[in-house]
Amino acid sequence: FFRNGWAGSAGPFFKMMATQGGTATGMGKQKGDLYTTAITLFTHRHAMDMYERQVATVERLCRMYVNGFFVADLGNLCQLLDIMAGLVDAGREEFVEALCEMLHVCALPFVKEIASEEYRNFPALCDTLASLGRILLSTNRAVALAAGDALEKYAGAEDEAPATVSYHHQVLEHSKMTESLASALGDGSMQDKVMLLQLVRIVLELSRTRDLAVVLVESGCLLAVAQALACGFKSDVAAAAVEALWNVFELCPEAVAEVATEESVGVIKQLLDQLLSEGHRAQDKELRNELLVLVTYVANTKEAHPHLAASGLLEVMLTVASALESEVPPPNVKAFVLTSAAEDVEMKRVLVHIASLVATDPACMQTIAQHNNFIPALVLHLDQRLAAHPARSKYTRQQQRQLQVQCLAVLSSVVPHCPDLFRELDGLQVIVECLTEQSEESMRLGCLKLVLVSSKLPGYQDELGGRAVAMMLSLIKERGLHPFPVRQEAMSVLSRLCEENPSNQAVVGDLNGIQTLIDNLDWTVEESTRAEPMCVTTVDAVWNVVAGNPDNEDVFEQAGGLDALLCVLEECTPGMKLLVVSCLAQLMESDTLREAVLEWRSRATRRNVIAVLVTLWEEEEDRAGKERRMHIEVHNTDAQGENEMESEALVRYLTGQNLLTKLHALLTRIGFDYSDHLTAEQHKILIGIERYLETRDAMLWRAVHRELDAEGVRPVTPDARRLIEREGRQADLEDELNDAVYDVAEEQDERDKLDLDDFYSHLHAQEKAKRSTARLFNANAPASTRTKIIVDSHKAQVFPLLLNAEQDDDAPKPASQPSSQPSSQPPHARAGGIVRAIPGG
């Protein structure tokens, strides 16, 4: 019966058992055969119900690989994991312990027999991790925890190396196990805190590299992690979730917008309230500050600003930040958060900084302005009269300085939105006094930035007045006492104070400030290496201080300021030329400066201003051409030209940061008649510049016409006639331009022809003089052969001066024999000087 019955239906299975020892528990002496035996036990139809033998085989397999499974066996291991996980989910409890034991072995590093084995088995590794990820969804808690521990260990380290330099993160990324992880996390509100902690720890290990952080964002894990903060600060889940979110926000800033939802911000507020009311331990304060770092990332995202105001989180932070400075301490703020410990001072600085980040949002700014204590608390830390206030004396000198710098930065962001409140607090006077008393660079920079912001507000220019102008000039002049950033910021403040303010401009002139500006108009090698050169700020100051003020313009011209500004135009970078040309165009409104600029000559090339500006026009056109060619090479399409722009875009392009438009305006003020020292090509360019505005006006009309045709709009008859007339005028203008260019070319040709004729006439005169001199020389040549040889040998070395260059070619030829009669030529006209120098000649 055994042979004929079972042997016929289950022959292969029992043959395999017989060849390997006869029993299922003693299968195989080779490790690879044990995997085959185990898989056959689970998959063969006659052995699928042999649960005890299956469990015993798996346990034996785990004992055999107690130090870790081999990489080469991962394909079989993955199959076994899937089979056993399916049985556990089906309710077979006897497999739970065996599966957990197998997962514990999976938590160990996989064993490599050769160094490159992991790289060769990349697909098998991915499949194994994907299988572990699916087991996270197991209905059995112990199995899911064991799978989570294995994934955490694999993601954490490789040969004691951090995951950031590990090969494992590539395997994790391609395994797609984060999809299973996201499903296991759900919405982050699971009641099993141990399982939630295990899942969050996996997210924490995956968040250490940018690639995996992006995968976490795409799979939707982060929203669940943010919701896990609701577990409270006493749970380890909150600490792990905060660290994981911090890693992802730092590596993948675009993830903040997806996480900073209304619900997430509400959870953050709930956790912060708990920490502020109960978190008195050092580790609680550390977690609180880390949570505020997350709020800083959220505050940097504009989409989250309304949530911060609506949830009340911003109100809580403002109250805590100003609690110590308020006359009546808020009842909901505990004393243990208001100490001078490093953690509490850091918290206060972060809270103040967050307020500056959200000041641009109307809802947040309304919350800040309506808060009773926040802005007065900021001013309090800067008021020199309140140096002994308890809120300031509580901190060390270094902590006070850090808080003051932070307060200045926040006020620079807040004051433009609540100038009246700042004026009521006498804030401007406090800042000026602080600038006078403080000598530290960081404090002076903070004060100057706040004054710069305030000077742009209505009425603040006059309030600052001449005292502030004198202070700025003093800071700029004293180069040895003040560092470069302070002097540059002072120059910016001076520029804003004098913008359209004649009284402040007059103060600059009275204090010899024009010379100070000219001294800083020097383009040096050091300037070219700075990100923001001093020359840029100085040119802006010249524009606001000198332009439009006749007295300052006269002083500027007499002190050599115009020469310095034009030299900067020649030497500065292309990006700065736009500012310099714009400033010069404004200065040319003065007739005095216009006459002076026409007399200017370049120090290096001796060119006049017209030639310099025409050269600058050529360079700008070349640069635009290079950019267009580069665009074609990169995008394989041509960039949109002026002829193809729509009317609105063309107006913005021409009236915005367009150097050609600025050059046309400047040359229009100077005049196009001073072109005597230009070449023909430069003269042609100048003719095109002169008609630049007319050609661009015609271009704008054509753009409008194209848009009307595209929209199917037919202009009324008067407008249609205007369009036709304008196009006709443009054709005439183009003909005039071509004729003018042609005339310039003809004039140049005529000048070239005259120069060539003069050149040839000079050559002919020289040749005639040579022939005349040669005839005179031969006429006085000696008859002696010996003497003639000597004379001929010196002809190439010593040639007489040109004599009688205009002698007629028909003069009588000299006789072959020397005449006995004395020569009628004067001694100085004879060529016999050489002959007389020869003895016996």
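Our structure's up above, just so we're on the same page.
None of these values were measured; they are calculated from a predicted model.

Draft legend 1. Spatial organisation of the packing of helix H36 (residues 561-571) against helix H37 (residues 574-587). One can describe the packing of H36 onto H37 by two numbers: an axis separation of 9 Å at closest approach and a directional angle of 150°. Looking at the two axes, H36 sits roughly antiparallel to H37. Along this stretch, H36 crosses H37, giving a crossing that reads as left-handed. Listed contacts from H37 to Leu562, Leu565, Leu566, Val568, Leu569 and Glu570 of H36 are Met576, Lys577, Val580, Val581, Cys583, Leu584 and Leu587. Counted by class, the contact of H36 with H37 contains eleven nonpolar, no polar and two charged residues.

Draft legend 2. View of the packing of aromatic side chains. Under the definition given, this model contains eleven aromatic pairs. Ring plane angle 70° and centroid distance 5.7 Å describe the contact between tyrosine 65 and phenylalanine 70, whose orientation is recorded as edge-to-face. When its relative accessible area of 2% is taken as the criterion, tyrosine 65 is described as buried. A residue is classified by how much of its surface remains accessible, and phenylalanine 70, at 19% relative accessible area, is buried. Taking 4.5 Å as the distance between ring centres and 55° as the angle between the ring planes, the aromatic pair formed by tyrosine 119 and tyrosine 167 counts as tilted. Here tyrosine 119 is found in helix H7 (residues 117-120), whereas its partner tyrosine 167 is found in the loop between strand E2 (161-162) and helix H10 (168-175), with 48 residues between them in sequence. The class of tyrosine 119 is exposed, set by a relative accessible area of 52%. The buried category is assigned to tyrosine 167, whose relative accessible area is 9%. Aromatic rings pair up to connect Tyr35, Tyr65, Phe69 and Phe70 into one cluster. Positioned over the ring face of tyrosine 51 is arginine 92, at 4.1 Å from the centre of the ring.

Draft legend 3. Just the packing of helix H18 (residues 282-299) against helix H21 (residues 342-357), in detail. Axis separation between H18 and H21 bottoms out at 10 Å; the angle between their running directions is 15°. Compared by their axis directions, H18 and H21 come out roughly parallel. Our pair here, H18 against H21, has a crossing hand that is left-handed. On the side of H18, the interface is formed by Lys285, Arg288, Asn289, Leu292, Val295, Thr296 and Ala299, while H21 contributes Glu343, Asp344, Glu346, Met347, Val350, Leu351, His353, Ile354 and Leu357. Split by residue class, the contact of H18 with H21 holds eight nonpolar, three polar and five charged.

Draft legend 4. The arrangement of the nonpolar core in detail. Residues Met102, Leu181, Ile368, Phe374 and Met472 are the most contacted members of the largest nonpolar core, which totals 231 residues. When neighbours within four sequence positions are excluded, phenylalanine 374 is seen to be in contact with Leu318, Ala321, Ser322, Val352, Ala355, Ile368 and Val410.

Draft legend 5. The arrangement of a negative patch on the surface in detail. Taken together, the side chains of Asp743, Glu746, Glu747, Asp749, Glu750, Asp752, Asp755, Asp757 and Asp758 define an acidic patch exposed on the protein surface. Locating aspartate 749 in the fold gives a position in helix H44 (residues 717-779). A relative accessible area of 52% means that aspartate 749 is categorised as exposed.

Draft legend 6. Here's a closer look at unusual backbone geometry. In this structure, aspartate 426 is a non-glycine residue whose phi angle is positive, near 60°. Tracing the chain through its elements places aspartate 426 in the loop between helix H26 (419-424) and helix H27 (427-437). Of note in this structure, arginine 606 is not a glycine but carries a positive phi near 60°. By secondary structure assignment, the location of arginine 606 is in the loop between helix H38 (591-598) and helix H39 (609-635).

Draft legend 7. Representation of the side chain of serine 138 within the structure. Looking at the element boundaries, serine 138 is found in the loop between helix H8 (122-135) and helix H9 (141-156). Residue classification places serine 138 among the buried residues on the basis of a relative accessible area of 12%. Side-chain polar atoms of serine 138 contact the side chain of aspartate 89, separated by 3.1 Å. Within the local environment of serine 138, its side chain forms a polar contact with the backbone nitrogen of asparagine 140, the two atoms lying 3.2 Å apart. Those residues in contact with serine 138 that sit more than four places away from it in its chain are Val88, Asp89, Val143 and Ala144.

Basis of the calculations
- Residues numbered from 1 in each chain as written.
- Predicted model: local features only at pLDDT ≥ 70, side-chain atom pairs only at ≥ 80, totals over all residues.
- Heavy atoms only, no water.
- Axes fitted to C-alpha atoms, helices over the stretch in contact; angles between N-to-C directions.
- Helix = DSSP H or I, 4+ residues; strand = E, 2+ residues; numbered from the N terminus.
- Parallel < 35°, antiparallel > 145°, perpendicular 65-115°, else oblique.
- Left-handed = near helix turned anticlockwise from the far one by under 90°.
- Contact = heavy atoms within 4.5 Å.
- Nonpolar A, V, L, I, M, F, W, Y, C, P; charged D, E, K, R; others polar.
- Phe/Tyr/Trp six-rings, centres within 6.5 Å; stacked < 30°, edge-to-face > 60°.
- Buried < 20%, exposed > 50% of the residue type's maximum accessible area, 1.4 Å probe, protein only.
- Lys NZ or Arg CZ within 6 Å of the ring centre and 35° of its normal.
- Core = buried A, V, L, I, M, F, W, Y, C linked by side-chain atoms within 4.5 Å.
- Patch = residues over 30% accessible without salt bridge, like charges linked within 9 Å, V, L, I, M, F, W, Y side chains within 5 Å.
- Areas by Shrake-Rupley, 256 points an atom, 1.4 Å probe, with all protein chains shown as cover.
- Salt bridge = Lys/Arg side-chain N within 4 Å of Asp/Glu carboxyl O.
- Lys, Arg positive; Asp, Glu negative; His and termini not counted.
- Charge placed at Lys NZ, Arg CZ, Asp CG, Glu CD.
- Polar contact = N/O pair within 3.5 Å; in protein donor to acceptor, adjacent residues only side chain to side chain.

Distances and angles like these do not, on their own, reveal function.
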